[in-house]
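# Results of the structural survey
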Amino acid sequence: MPEPSFQGFREGSTAPTPPAPGDCYKGRARGWRPVSAADLNSKFTALLTSVAMLPVAARSPRTALLALLWALLPGPGGAQTSVHPKEVIIPRGGSVLVNCSTSCDQYTLLGLETHLDKKEVANGSNWKLYELSSVQGDTIPYCYSVCHNDQSEATMSLTVYWFPEHVELEPLPQWQPVGENLTLRCQVEGGAPRTNLSVMLLQGEKLLSWQPAKGTPVAEVTATVLARRDDHGTNFSCRTELDLRPQGLGLFQNSSVPRQLRTFVLPKVRPHLVTPGIMEVGTQRSVTCSLDGLFPASEAQVHLALEDQRLTPTVKYSKDSLSATALVEVAPRDEGVQQLTCAVTLGNQSQRTQESVTIYSFPAPNLTLSESEAPEGTVVSVECKAHAGAVVTLIGDPDESPFPSAQITLNATAKDNGRGFVCSAALEVAGHVLHKNKTQKLFVLYGPRLDKENCPGNWTLEEGISQTLRCQASGNPIPKLDCRRKGDGALLPIGESRPVTRDISGTYVCRATSRRGVATHEVVVNVIYQQSNLVTIIAVTALILGIAATGGTVAYLYNRQRKIRKYRLQKAQEAAAMRLNTPP
């Protein structure tokens, strides 16, 4: 800004010459008048006040000197200096027209003193119009005039207004815990006049605080609120109001960018983690982590990991809770005790829990037979063996005590064909006893056999009744069986359901054949005809009638003897009674 200059004299005029020392009482002839000490003190005080109100850049030594000289000029006489307007408010950087006038028709000087850029735009016999431009701050220009060696001045108040250059609400915490105090800070840079500038802190359109803007160049306004669940997702902002309505200009508002608040609740409890406790190498199991009392639950993050192996959970949210499920698969490298971790993070807080998982390797036991298919009479060895850390029991071993291995031997017979052997292994893991079994069958090769249990030697059949004739041969491999009648070689229908006819009667030879040999067995088939049935019915009827007649005779004799015994007993009792009643 250029150094302010004293430009109050008309072009071509001569500025009054200050009096020399000792000329204070002779000054009237030279245009000066005596100045009393009281008058000088009053003018000097006004000078200091005027200079103090100037901007710093305007307070140059030259300005102060010129102002001092002006203060020493004679005070107002009959002529008066006027300024219009007396008070004005303009935007920063704006311009204003100032009219300086005097009531003196023959003035020596008439001008406007200011540090601002000025330009005389019009004049008259006793007035001048100046344009002040690029006004940046408040100032007090004054008009002056000299008339008949009398001087006078008139000041005006020039106020500059401008809107805040920057209104900002400081960033809110990314997450704010419910129930804790939140301090809102609004910074306002610039803006004038400060006496007309106020700051409001708002939640939405709800007024939280109203304060005047204090401090330069930046004013800071704060307010404290208690965070609630209902505040989640609401906007906070600050707004300035430059109230120039008293000056007839209106109310000017400027708002900051709104900031959204996110509140949260994370309970001071650990998540609930459900784990299998023990897991076998190569298996896959699910784990579940849950937590209640969250807000907002949908914003919570879940971290599940087995040591450094991060899992991928599926999270289900409800109103104020969550449940995360993930699959965990363990490999041989994981064998041992591992830590399964669940962490729930919401806002800038986290709750975590850990559970131990014992990962073990437990292969099935080894069960071996020296021969899984052995001819009858062969000695077969059966061995059951466990892997490291486990013990086994061989079912069928007379000594079924658990050992790392067990073994039996046997002489294979037909009864051992299809016999199953069970090797049961046991392993203790983290207090749990686990079992695994291995089963294997022994097949014994032996020749065909026909016995009475599976192929009766005598069959009696009733003609006309449907029957299934059964004759079964045993052997390994399973033998082929047919039964043919002696004489004509007729084939007996074995295993077929059909009505019995008398023409199948006879003696048959059943023959079982396999690669292990041949076995034969005779079967006699008797068929009962219808005539034989009638004779049988007559004989049975006669037998029943004979039994009935015999039974009737026996019943008659029994009743007769019973009545005789009863009669004799009655007579004996009567005789005894008579003896008792006879006097001696």
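Residues numbered from 1 in each chain as written. Predicted model: local features only at pLDDT ≥ 70, side-chain atom pairs only at ≥ 80, totals over all residues. Heavy atoms only, no water.

Looking only at helices and strands, one finds 3 helices and 42 strands in the protein chain. For the protein chain, the proportion of contacts with a sequence separation of at least 24, taken over those separated by at least 6, is 63%. Counting only carbon and sulfur atoms, one obtains 52% of the accessible surface of the protein chain, whose full area is about 33900 Å². (Helix = DSSP H or I, 4+ residues; strand = E, 2+ residues; numbered from the N terminus. Contact = heavy atoms within 4.5 Å. Areas by Shrake-Rupley, 256 points an atom, 1.4 Å probe, with all protein chains shown as cover.)

An order of β36-β42-β41-β39 is seen for the 4 strands of this open sheet, with the pairing classed as mixed. Pairing within the sheet leaves two strands with one partner each, and these edge strands are β36 (458-462) and β39 (480-485). Averaged over neighbouring strand pairs, the angle between their axes works out to 25 degrees when direction is ignored. As paired elements, β36 and strand β42 (residues 517-528) share 5 bridges and run parallel to each other. Bridging from a neighbouring strand, E462 pairs with I528 of β42. (Pairing = 2+ DSSP bridges. Axes fitted to C-alpha atoms, helices over the stretch in contact; angles between N-to-C directions.)

To continue, consider the nonpolar core. With 27 residues, the main nonpolar core has L294, L304 and V344 as its most contacted residues. For this core, the elements supplying multiple residues, two or more each, are β22 (284-292), β23 (301-306), β26 (321-329), β27 (336-346) and β28 (349-360). Not counting the four nearest positions on each side in its chain, V344 is found in contact with L266, P271, C289, L291, L294, A300, Q301, V302, L322, Q349, S350 and Q351. Grouped together as the second largest cluster of nonpolar side chains are 25 residues, I278, V380, L410 and C423 included. (Core = buried A, V, L, I, M, F, W, Y, C linked by side-chain atoms within 4.5 Å. Buried < 20%, exposed > 50% of the residue type's maximum accessible area, 1.4 Å probe, protein only.)

The subject of this paragraph is the state of the cysteines. Going through the model one piece at a time under the given rule, you end up with 7 disulfides. Residue C104 pairs covalently with C147 via a disulfide, S to S 1.7 Å. Disulfide C104-C147: the torsion about the S-S bond is 65 degrees, which places it as right-handed. In this pair, C104 sits in the loop between β3 (94-102) and β4 (107-113) while C147 sits in strand β7 (residues 142-147), placing the two residues 43 residues apart along the sequence. Per residue, the accessibility class of C104 equals that of C147, and both read buried. Note that C289 is cross-linked by a disulfide to C342, the S-S spacing being 1.8 Å. Across the S-S bond of C289 and C342 the torsion is about -80 degrees, and the bridge reads as left-handed. (Disulfide = S-S within 2.5 Å.)

As a further point, take the environment of K268. Relative to the helices and strands, K268 resides in the loop between β19 (263-264) and β20 (272-274). Residue classification places K268 among the exposed residues on the basis of a relative accessible area of 67%. The residues contacting K268, other than those within four sequence positions of it, are Q349 and Q351.

A few words on the sheet that holds β26. The strand order β20-β22-β26-β25 describes an open sheet built from 4 strands, whose pairing is antiparallel. Edge positions in the open sheet fall to β20 and β25 (314-317), since each of these has one partner strand only. Strand-to-strand twist in this sheet, taken as the mean axis angle between neighbours without regard to direction, amounts to 15 degrees. Where β25 and β26 come together, 4 bridges link them in antiparallel fashion. Across the sheet, residue K316 finds its bridge partner in β26, namely S323.

What follows concerns the pairing of strand β12 (residues 181-189). By the alternation rule, side chains of β12 split into L182, L184, C186 and V188, which are all buried, and N181, T183, R185, Q187 and E189, of which none is buried. Across 4 bridges, strand β10 (residues 166-169) lies against β12 in antiparallel orientation. Among the inter-strand pairings, H166 is bridged to a residue of β12, identified as E189. Two strands pair when backbone bridges link them, and β12 and strand β15 (residues 218-226) are joined in this way by 9 bridges, in the antiparallel orientation.

Here we take up the packing of aromatic side chains. Counted according to the given criterion, the structure contains 4 aromatic pairs. Considering the side-chain rings of W175 and F264, the 6.0 Å spacing of their centres and the 90 degrees angle between planes classify their relative orientation as edge-to-face. One end of the pair, W175, is in the loop between β10 and β11 (176-177); the other, F264, is in strand β19, with 89 residues separating them in the sequence. Overall, the relative accessible area of 9% leaves W175 in the buried class. What makes F264 buried here is its relative accessible area of 1%. (Phe/Tyr/Trp six-rings, centres within 6.5 Å; stacked < 30°, edge-to-face > 60°.)

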